[in-house]
Amino acid sequence: MMKLAILFFILLLAPVIRESLESVMVLHMFLQLPLLILVGVLLHGNRNWRFLEKWNDNGVAGMLLAVGVLIFWMLPRSLDDALTEIELEIWKFASLPLLGFLWKNSWRKIGGIFKSFLYINFLSMFGLLAWLYLGTPVQICNNYLINEQHIVGAVYLSSVLVLLLNLLYIVFFRGLGEEAE
Amino acid sequence: MVHNRLIKNYLVIGGIVILLMMVFGILMLLAQGGGLSLSPPTFYQFMTIHGTGMIGAAALAASAVMWYFLSQHVTLSKRIFKANLILFLIGLVLVIIGVFSFDYASAWTFLYPLPTLSAKAWGIIGALLYLFGMLIIGIGFLLLFIDTGRAIIRKKGSLAKGLGWDVIAGKKAEKDAPEPAIIAGTMVTIVNVTALIAGATVIMMNIIHTINPAFTFDPLLAKNLTYAFGHVFANSIIYMSVIVVYELLAKYTNRSWKANKVFLIAWSMSTIFTLMIYTHHMLMDSVMPKWMLIIGQVFSYANGLPVLIVTAYGTLMIVYKSGIKWDMSSGLAFLSMFGWTVGVVPAIIDATIVVNHVMHNTKWVPGHFHMYMGLGAVVMIFAFMYYLAKVDGGLKITKLDWIAFFSYIVTMAAVSVQFLVSGALSTPRRWATHTPEWMGPALFGGIAGVFLVIATTLFIVHFVRYVCNET
Ligand code: HEM
Ligand SMILES: [Cu+2]
């Protein structure tokens, strides 16, 4: 797992891959970012990570931190600036794996209500972002054109639909399943 | 009894806020009636705080009714219940500061782009305080309904089963149908989580637009989301409070209120209708797809009816020849069913597109919802207060309570009818200033309102006496 994570990370860092992923807005947002998060998740693996046990016992602290990082990278501004400012780019490559790591560590520890709350929040925040990217007449980013914005908006909208259908499936058919304590 | 301390806090806070908001209502009517001079900005601040406070406080108290009875059947989290109360208070304080210190006055519907573009009537700070206040209140309620939803799913398997769809489908016997508290709880969970998702999106959108007006959004979608939130959330109040009618009458008559298939179908229908009919707020938006408006019209006729009919019928049946002893709480419960029934009639009339073209935005509209809120939903909350005071505290009723009971009926009816009369006279709603021919009903309503406040105070005093006795 850990080796895989490191391999992944190196691949993502490779200039060709990095530059081609970042040249297209939708790949930047919906491929590079998730893959960097995945690196953190893989790195964490199924190990227990003793040093986290003390301060992330119930998962709340870790999750809040992870969500904070996520919100930062959901701001259109952050991605845009990462293209021009090297400090931000470094921070991106450091913070997103960290996010994945913390997420993986915290998710099984936090309570069900917190999980549902996060899920529902993503639903409405993705909806908001879809609305923003699809609807606003201004070009939000310096580095990406307005039609790229629309593609990103469409992807957000599709994720909302998927999240919604999945939610309906869970609450009306599947139930909480093994997740219920 | 179950977590009584918190239930009492909810009701005392809810009751007192309702009482205070009534005072703002009276001030508005007196101003419209020419008996008091209020500057228009002040009027709109009052209108904003009245609408927000009433809906918020009634929803808060109603959620306590629901929580109390639902928690007898499923396991709810006390911590979440407490968190909701705390978030409500924080949000309320922000809203109050926004309205009174920073002149925010968009009405509780905060319709985009009004929060930002107020022609300098208020500034960014007022708008942000109000919007963040609403967001925080919404987060509290979202947590609460996530908890109820999860608890129901844990107990029943799914929300579908919470609504008894397996019984409707014949897979399960009618005698194993979910309890009314669970059915209502499921319905409210479904509609309110939906409403709060829409609300969070549109509030965040307004916040973005307030901070940076260069980001503009589609106003039609904004209006849809706003009413999908506001209409549904306000509507849910009565579906939470009505649980007291089921439980109280069952207890008082020593009969059980069992859900049968018709009852289940009615609740499922009202669940779906409630989600669809917010479009009746869009009847004047000619750019809306026609089919949506037709849905808005057709289902507004039918919206509350299924639940109303099975509940009203059930109420008569359970009371009939039961030898029930009438006291304040059963009297209030009975009154609330009457008020609800009468209160939907003007709504049904108004939801007709032809009529709506005339009555839209006249005081007919507040006429309808003051009647069904004031004589229906809020009365259920008072019924619950008397129920707790009696069942849990053994508190005796005095003559004064009965006087309050009858004065409440007369004066609340007067306040509602006054709005309807104004509407019939084509008085526009939400106008700070009235022409002389519109003033009569408003002035009358303002004076009736004073007695209404006295009656309500007596209700609350009774409850507070119980709360103080107990500890
Ligand atoms: C003493 C009792 C009350 C009085 C005198 C009163 C008075 C008023 C007045 C004058 C308005 C503005 C009407 C207009 O559009 O011109 C209003 C609006 C409103 N009232 Fe009341 N009210 C009372 C009780 C209630 C109750 C019990 C509720 C709900 C639980 C309620 C909820 C509302 C709402 C939601 C609005 C709409 C505000 C808006 O248009 O944005 N009121 N009320
Ligand atoms: Cu409505």
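Residues numbered from 1 in each chain as written. Chains lettered and ligands numbered in written order. Predicted model: local features only at pLDDT ≥ 70, side-chain atom pairs only at ≥ 80, totals over all residues. Heavy atoms only, no water.

Peer 1: Residue-level account of the overall build of chain B, with values.
Peer 2: Counting its secondary structure elements, chain B contains 17 helices and zero strands. The C-alpha atoms of chain B give 21 Å as radius of gyration, which agrees with the globular expectation for 471 residues (23 Å, within 12%). Out of the 471 residues belonging to chain B, those deemed buried represent 62%. Taking all contacts inside chain B whose residues are at least 6 apart in sequence as the whole, residues at least 24 apart take part in 83%. Accessible surface for chain B amounts to roughly 17500 Å². Of this, 71% is attributable to carbon and sulfur atoms. Between the centroid of the 29 positive side chains of chain B and the centroid of its 15 negative side chains there is a distance of 6 Å. (Helix = DSSP H or I, 4+ residues; strand = E, 2+ residues; numbered from the N terminus. Rg over C-alpha atoms; globule rule 2.2 N^0.38 Å. Buried < 20%, exposed > 50% of the residue type's maximum accessible area, 1.4 Å probe, protein only. Contact = heavy atoms within 4.5 Å. Areas by Shrake-Rupley, 256 points an atom, 1.4 Å probe, with all protein chains shown as cover. Lys, Arg positive; Asp, Glu negative; His and termini not counted. Charge placed at Lys NZ, Arg CZ, Asp CG, Glu CD.)

Peer 1: Any details on the coordination of the iron atom of ligand 1? Residues and values, ideally.
Peer 2: The iron atom of ligand 1 binds to the protein through His50 of chain B (NE2) and His370 of chain B (NE2); the donor distances cover 2.0 Å. With relative accessibility at 13%, the residue His50 of chain B sits in the buried group. (Donors = N, O, S within 2.8 Å, 3.2 Å for Na, K, Ca; no water.)

Peer 1: Residue-level account of the layout of surface pockets, with values.
Peer 2: Over the atoms rolls a probe the size of a water molecule, and its path tells where empty space is left. Computed from the structure, the second largest pocket encloses a volume of approximately 1400 Å³. Taken together, 47 residues form the lining of the second largest pocket, with Leu123, Leu164 and Leu167 of chain A together with Thr194 and Ile197 of chain B sitting closest to its centre. Every element with two or more residues in the lining of the second largest pocket is listed here: helix H8 (112–135) and helix H9 (146–174) of chain A together with helix H4 (124–156), helix H7 (180–211) and helix H8 (219–241) of chain B. For the lining of the second largest pocket, the per-class residue count stands at 33 nonpolar, nine polar and five charged. (1 Å grid on protein atoms, 1.4 Å probe; cavity = no way out; pocket = protein on both sides within 12 Å on 5 of 7 lines; lining within 4 Å. Points joined across faces, edges and corners; volume = space filled by probe spheres on them. Nonpolar A, V, L, I, M, F, W, Y, C, P; charged D, E, K, R; others polar.)

Peer 1: Tell me about empty space enclosed by the protein, and name the residues and values.
Peer 2: Residue and element names in this part refer to chain B. The final tally for this structure, using the stated rule, is three cavities of 30 Å³ or more. Size it by volume and the largest cavity reaches roughly 120 Å³. Lining the largest cavity are Gly51, Thr52, Ile55, Gly56, Trp108, Met134, Ile137, Gly138, Phe141, Leu196, Phe229 and Phe233. Broken down by secondary-structure element, the contributors of at least two residues to the lining of the largest cavity are helix H2 (40–70), H4 and H8. For the lining of the largest cavity, the class distribution of residues is eight nonpolar, four polar and no charged.

Peer 1: Account for the site of ligand 1, naming residues and giving values.
Peer 2: Residues and elements named next belong to chain B. The local shell around ligand 1 holds 21 residues, among which Gln32, His50, His370, Arg429 and Arg430 are the closest. In this structure, an oxygen atom belonging to ligand 1 sits 2.9 Å away from a side-chain N or O atom of Gln32. Note that a nitrogen atom of ligand 1 is positioned 2.8 Å from one of the side-chain N or O atoms of His370. Broken down by secondary-structure element, the contributors of at least two residues to the shell around ligand 1 are helix H1 (4–32), H2 and helix H15 (364–391). A total of six residues in the shell around ligand 1 trace back to one element, the largest contributor, which is H1. Split into classes, the residues belonging to the shell around ligand 1 amount to 14 nonpolar, four polar and three charged. (Near = heavy atom within 4 Å. Polar contact = N/O pair within 3.5 Å; in protein donor to acceptor, adjacent residues only side chain to side chain.)

Peer 1: Explain the domain arrangement of chain A to me, and be specific about the residues and the numbers.
Peer 2: Residue and element names in this part refer to chain A. Here chain A is partitioned into domain 1 (1–110) and domain 2 (111–181). Taking the mean C-alpha position of each, domain 1 and domain 2 sit 19 Å from one another. Counting residues at the interface gives 22 residues for domain 1, matched by 22 residues for domain 2. Summed over both partners, the interface of domain 1 with domain 2 buries about 1900 Å², with 75% contributed by carbon and sulfur atoms. A per-residue breakdown of the area domain 1 buries against domain 2 is headed by Met25, Met74 and Ile110, which together make up 34% of the total. Taken together, the connections running from domain 1 to domain 2 amount to zero salt bridges. The tally of links between domain 1 and domain 2 comes to five residue pairs in polar contact (both at pLDDT 80 or more). Counting residues per element, the ones that place at least two in the side of domain 1 that touches domain 2 are helix H2 (15–23), helix H3 (25–44), helix H5 (60–74), helix H6 (76–84) and helix H7 (86–107). For the side of domain 1 that touches domain 2, the per-class residue count stands at 16 nonpolar, three polar and three charged. (Domains from an automatic or database assignment. Buried area = accessible area lost by both parts, 1.4 Å probe. Salt bridge = Lys/Arg side-chain N within 4 Å of Asp/Glu carboxyl O.)

Peer 1: Could you give an account of the interface of chain A and chain B, naming the residues involved and the relevant values?
Peer 2: Contacts between the two partners involve 24 residues from chain A and, on the opposite side, 32 residues from chain B. Roughly 2400 Å² is buried in total at the junction of chain A and chain B, and carbon and sulfur atoms are behind 80% of that figure. The largest per-residue losses of area from chain A upon contact with chain B belong to Ile113, Trp131 and Phe172 of chain A, which jointly make up 32% of the total buried on that side. Inspection of the region where chain A meets chain B yields zero salt bridges. Contributing elements (two or more residues each) for the side of chain A that touches chain B: H8 and H9 of chain A. Top contributing element to the side of chain A that touches chain B by residue count: H8 of chain A, with 12 residues. For the side of chain A that touches chain B, the class distribution of residues is 16 nonpolar, six polar and two charged.

Peer 1: Can you explain the nonpolar core? Please cite residues and give values.
Peer 2: Residues and elements named next belong to chain B. Grouped together as the largest cluster of nonpolar side chains are 226 residues, with contacts concentrated most on Leu11, Phe141, Trp267, Leu332, Trp340, Phe384 and Tyr408. In terms of residue count, H2 provides more of this core than any other element does, 19 residues in total. When neighbours within four sequence positions are excluded, Leu11 is seen to be in contact with Ala61, Ala64, Ile381, Phe384, Met385, Leu388 and Phe463. (Core = buried A, V, L, I, M, F, W, Y, C linked by side-chain atoms within 4.5 Å.)

Peer 1: Hey, could you go over H2 of chain B for me, with residue numbers and the actual values?
Peer 2: Between its terminal C-alpha atoms H2 of chain B stretches 44 Å, which fits the 45 Å expected from 31 residues at 1.5 Å a residue. With respect to burial, H2 of chain B is a largely interior element, 27 of its 31 residues being buried. (Expected span 1.5 Å × (residues − 1).)

Peer 1: Requested: an account of unusual backbone geometry, with residues and values cited.
Peer 2: Residue and element names in this part refer to chain B. Cis peptide bonds are those with omega within 30 degrees of zero, and the linkage from Tyr112 to Pro113 qualifies with -5°. Mapped onto the elements, Pro113 comes out in the loop between helix H3 (78–101) and H4. Its identity as a non-glycine residue notwithstanding, Phe110 has a phi of 30°, on the positive side. Among the secondary structure elements, Phe110 is positioned in the loop between H3 and H4. Residue class for Phe110 comes out buried when judged on its relative accessible area of 0%. For Arg430, which is not a glycine, the phi torsion comes out positive at approximately 60°. Following the sequence through the fold, Arg430 ends up in the loop between helix H16 (399–424) and helix H17 (436–470).

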